[in-house]
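# Examination of the molecular architecture
Now for the letters of each chain:
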Amino acid sequence: QVQLVESGGVLVQPGGSLRLSCAASGSVIRITTMGWYRQAPGKQREWVSVITSDGFVNYVDSVKGRFTISSNNANNTAYLQMNNLKPEDTAVYYCFADYPGFPRSWGQGTQVTISL
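Residues numbered from 1 in each chain as written. Predicted model: local features only at pLDDT ≥ 70, side-chain atom pairs only at ≥ 80, totals over all residues. Heavy atoms only, no water.

## Re the packing of aromatic side chains
For any pair of aromatic rings, the description consists of the separation of the ring centres together with the inter-plane angle of the planes. Condition: Here a pair means two rings of Phe, Tyr or Trp (six-membered ring of Trp) with centres within 6.5 Å. Their orientation is stacked below 30 degrees between planes, edge-to-face above 60, and tilted elsewhere. We count a stretch as a helix when DSSP gives it H or I for four or more residues in a row; a strand needs E for two or more, and each element gets its number in order from the N terminus. Any Lys NZ or Arg CZ that is within 6 Å of a ring centre and within 35 degrees of that ring's normal is treated as a charge sitting over the ring.
The final tally for this structure, using the stated rule, is four aromatic pairs. Look at Phe96 and Trp106: their rings are 5.8 Å apart centre to centre, the planes differ by 50°, and that puts the pair in the tilted class. Taken together, the residues Phe96 in strand S9 (residues 91-98) and Trp106 in strand S10 (residues 105-106) connect sequence positions 10 residues apart. Put simply, the rings of Tyr37, Phe96 and Trp106 touch in pairs and so form one group of aromatic residues. Arg45 extends its terminal NZ or CZ atom over the ring of Tyr94, reaching a point 3.8 Å from the ring centre. One Lys or Arg, Arg104, reaches over the ring of Phe96 and ends 3.9 Å from the middle of that ring.

Below, the structure written as structure tokens:
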């Protein structure tokens, strides 16, 4: 099993930046993919970004050019650097990890609020 702990969610003004972290523990050597979803109030959970173990990355169109996903294998942590934040980025952000033979693991979520 893999356990995920997110951090970094805070209140930020529009145009600001924020970096979310997702620390993995447990069977981390088996992780093939990590990424982020988000869920805004009253909306369905939305896929945001993904990074694979061989370095492939992808983003939902609404964050392309503003968000950057990365990972550090030394400390088994994935990051989501978010720049030029907009009020519509307000959501609870959830980290996930995929690894063969087991259900997807999820973090507990971290609240990101973009407001004046």
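## Focus: unusual backbone geometry
Keep this limit in mind: Residue exposure (1.4 Å probe, protein chains only): buried if accessible area is under 20% of the type maximum, exposed if over 50%, otherwise partly exposed.
Residue Asn76 is not a glycine yet carries a positive backbone phi of 55°. Relative to the elements of secondary structure, Asn76 occurs in the loop between strand S7 (67-72) and strand S8 (77-82). The class for Asn76 is partly exposed, based on a relative accessible area of 29%. One non-glycine residue, Asn84, lies in the positive phi region at around 50°. Its place among the elements puts Asn84 in the loop between S8 and S9.

## Considerations on the side chain of Arg38
Note the cut-off: Side-chain atoms alone can form a polar contact between residues adjacent in sequence; in general such a contact is a pair of N or O atoms within 3.5 Å, and within protein one must be able to donate a hydrogen while the other accepts it.
Within the secondary structure, Arg38 sits in strand S4 (residues 33-39). You can call Arg38 buried: its relative accessible area is 6%. Polar side-chain contacts of Arg38 include one of 3.4 Å to the side chain of Ser62. Among the polar contacts listed, one links the side chain of Arg38 to the side chain of Tyr93, at a separation of 2.9 Å.

## A closer look at the sheet that holds strand S3 (residues 18-26)
We count it as follows: Each pair of strands is called paired provided DSSP finds at least two bridges between the two strands. What counts as an axis is a line fitted to C-alpha atoms, over the stretch in contact for a helix, and the angles between N-to-C directions run from 0 to 180 degrees.
Ordered in space as S1-S3-S8-S7, the four strands form an open sheet in which the pairing is antiparallel. The two strands at the open ends of the sheet, each matched to only one other strand, are strand S1 (2-7) and S7. Neighbouring strand axes in the sheet, compared pairwise and without regard to direction, differ in orientation by 15° on average. Examined bridge by bridge, S7 and S8 share six bridges and lie antiparallel to one another. From the neighbouring strand, Asn72 faces S8, where its bridge partner is Thr77.

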